[in-house]
Structure formats: structure tokens, C-alpha cells
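Commentary on secondary and tertiary structure
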Amino acid sequence: VYGTLVLVTSGQDTSWVLQAADAGQYSLGEVKEVAQVVRLAPYFSFLIVFWAVYAQQSMNFVMQGCQMDLRVGDAQISSAMLSMFDAIVILVFVPVFNSVLYPAVESCGVKLTLLRKMGIGFVVAIACMLVAGLTESARKDAGVLPDLNSNCAQPGEHLAMSQLSVWWQSPQYLLVGIAEILVSIPCTTTSYAVQLSDTDQLCVAYDLFYSEVPESMRSVCQALNLLTTTLGSLVAGGTNSIFSFWIPSDLNTGHLEYVFYVFAALVLVNLAGFMVVSQGFEYHQPAKTTLDLVSGFSPALPRANHHRRQSRQT
């Protein structure tokens, strides 16, 4: 909490960074580049809570699935196998979002900025945790399968499986995948066109931590962006440790649903702070370039297209 407050307050007003130019050791241009990174500090902190929810796929979702009906025919599947839904959701829904959903929303006059996408993603993450909590309550209410031991049980341990099928976890995996698309994966509606010639344009989608910083600082920002994933996992593990009395070895004697609701509350508080801070955010307009984005030197793509058109005509 303290770290989040520090990141939010330091990023809201970057005038303290600009004072470094007064010492004369750094140029004003260099200091301004650093200030552009610092102003994104609040959004790094907001992402940490989201990645804590995302980490549930490899933590509490797996534990929950271990005590659901894992049977497929005469065998039991691994509860961790359902994490494949995250990859499937991304592969299926990213094209749908980019080609259908985002254009449809913008055709209604709603501009889907990067921050608005992130905010919607946080709402979906809250819904994911609520659904997971309701699924856990339904799992315990469904009763256990007699004389069947979960394949997650340790040697000599009996771990009863619920009569509720593990496939009922699919909605929460679906929601966390959709939230990831909205929060983390760039899309065409938030891209800008890089003018390559009078007739050819190459549209490139940059996420918030790429398009809103100077070119020289993009690698640093992407490294910090990846760091939020690690910190999110640490927050998830720490939260599980704090509320470990709700997560015994046999979940039928615990209250895993309460842990999911705690994460939902954390994201709700996170969303409230995000909405307040993002009100004053100003997007930078990227400069147009005539450089080829592949070679970095010349507009080779339009030239190649021109050669292809000529070869077709001949």
C-alpha cells in the first residue's frame, strides 16, 4: 500500500524531476525524458493488483479445481490444464475485439483510449473474482463424490472431490483472459498511423508504456512493465499467506471464496484510484516518421509494394 501511494504521488507531479536540470549535470531534454517515464508510475502500481488476480490461475484456481470433479471417462485430468483457456481466449478474442468489438464501440461515438481499456479490464477482473467465489460456494454445496480421491492428493492423503465438474471453472478463466486482453494487449483502435508515403500507411499498435515515453526509454519502460507481473505474483502469494487460515489443505473445511472476494475488493479499490488519477492524463502525440519500421533507414515497404504492383502489371 505504501509503495502504491509513493508511485501515485510521485507520478502525479513530475516537477521534482525537472529540478535535476538545474544542477547542470543533465540536459533539460534528458530530464524531460525521465519525467515522461515517471508520470507513468501510478499506472505501474495499478497493474500490480491486476497481475495479482491474473496469478490466481496458477494458485487458487488450481487448488479449487483439485477438489472438483476431475473425471473424464475413467481418468482424471489435471486441474492446471484449464489454464489453457487463457491462451485460447487470447487467440480467439483478440481478432474479434480488434476487428468487431472495438470498431463497433467507436462507431457509437465512444473513444476507446488505452486507459479506458485498462479500466474496463479492471472491472472484468472484479467480475472474475466474484465468479470464482460463487463457483467455490457452489462446489462446497454440491457434495462430494464417495470413494474417490483427487489426483492432487499427497501420498496417504484423502482429498475429496466435489460433484461439481471442474469445467465450471471455465467462466473464470474466460474472464481473466478477457481482462488480460483489455489491460495488457495492444489493439488497433489505440494505434496511430505512421505515414510512409502518400498512398501507403502502416498502422502500429503501441501500448501505454511504449507510445507514451521517448524512444530512448522504451526498453526501460517495458522492463518495468514486466516487473509488475512479478510484483503481482508476490502480492498474490502474500495475500494467500495472510489469509492462509481460509485455505487449508482440504478446501471443504475452509473459505477459499472469501479470498477471492478479498481480491475483488482489492481490484475495486485499485479501480477507484485508477479512475481518479487517470482523469488528468494527457496523451502525447507521436511524431510522424518517414523511416521504414523494418530497416530503420528508408521507406522500403512502400517501395516494395510499388515493385510488386509493377510486376503484376507486366
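Computed from a prediction, not measured in an experiment: that's the story for all the values here.

Let's talk about the overall build of the protein
Counting secondary structure elements, the protein contains 12 helices and six strands. Counting over 314 residues, the protein shows a buried share of 42%. At a minimum sequence separation of 6, the contacts of the protein that also span at least 24 residues come to 75%. Carbon together with sulfur atoms contributes 63% to the accessible area of the protein, which is approximately 16400 Å² in total.

Remarks on unusual backbone geometry
The backbone of Asp147 shows a phi angle near 60 degrees, a positive value even though the residue is not glycine. Looking at the secondary structure, you find Asp147 in strand E3 (residues 144-149).

Let's talk about the packing of helix H7 (residues 114-141) against helix H11 (residues 256-278)
Here H7 crosses H11 at 165 degrees, and the two axes come no closer than 8 Å. Judged on the interaxial angle alone, H11 and H7 are roughly antiparallel. As H7 packs across H11, the resulting crossing turns out to be left-handed. Counted by class, the contact of H7 with H11 contains 19 nonpolar, five polar and three charged residues.

Comments concerning the UniProt feature "transmembrane region" (unreviewed entry) in the protein
Residues given the UniProt feature "transmembrane region" (unreviewed entry) here are residues 37-56, 77-98, 118-135, 224-246 and 258-278. For residues 37-56, the end-to-end C-alpha separation is 29 Å, with 80% helix and 0% strand making up the annotated structure. Secondary structure across residues 258-278 comprises 100% helix and 0% strand; the distance between its end C-alpha atoms is 30 Å.

Here's the deal with the confidence of the model for the protein
In this model, the protein carries a mean pLDDT of 79, and residues with pLDDT of at least 70 account for 77%. The low-confidence segment residues 188-206, where pLDDT is below 50, has 47 contacts with residues more than four positions distant or belonging to other chains.

Some details on helix H10 (residues 218-242)
The end-to-end C-alpha distance of H10 is 36 Å, a good match for the 36 Å that 25 residues give at a rise of 1.5 Å each. Restricting attention to buried positions, one finds in H10 the residues Arg218, Cys221, Asn225, Thr228, Gly232, Ala236, Thr239 and Asn240. For H10, the elements touching its buried residues are helix H3 (28-38), helix H4 (41-54), helix H5 (60-66), helix H9 (208-211) and H11.

A closer look at the pattern of salt bridges
All told, the structure shown has four salt bridges when counted by the stated rule. Salt-bridge contacts for Arg139 lead to Glu136; the nearest nitrogen and oxygen are separated by 2.9 Å. Placement of the pair is Arg139 and Glu136 together in helix H7, with a separation of three residues, close to one helical turn. For the pair shown, Arg139 and Glu136 are each scored as buried.

About the cut-offs
Residues numbered from 1 in each chain as written. Predicted model: local features only at pLDDT ≥ 70, side-chain atom pairs only at ≥ 80, totals over all residues. Heavy atoms only, no water. Helix = DSSP H or I, 4+ residues; strand = E, 2+ residues; numbered from the N terminus. Buried < 20%, exposed > 50% of the residue type's maximum accessible area, 1.4 Å probe, protein only. Contact = heavy atoms within 4.5 Å. Areas by Shrake-Rupley, 256 points an atom, 1.4 Å probe, with all protein chains shown as cover. Axes fitted to C-alpha atoms, helices over the stretch in contact; angles between N-to-C directions. Parallel < 35°, antiparallel > 145°, perpendicular 65-115°, else oblique. Left-handed = near helix turned anticlockwise from the far one by under 90°. Nonpolar A, V, L, I, M, F, W, Y, C, P; charged D, E, K, R; others polar. UniProt positions renumbered as here; feature names shortened; annotations may be inferred. pLDDT = per-residue confidence, 0-100. Expected span 1.5 Å × (residues − 1). Salt bridge = Lys/Arg side-chain N within 4 Å of Asp/Glu carboxyl O.

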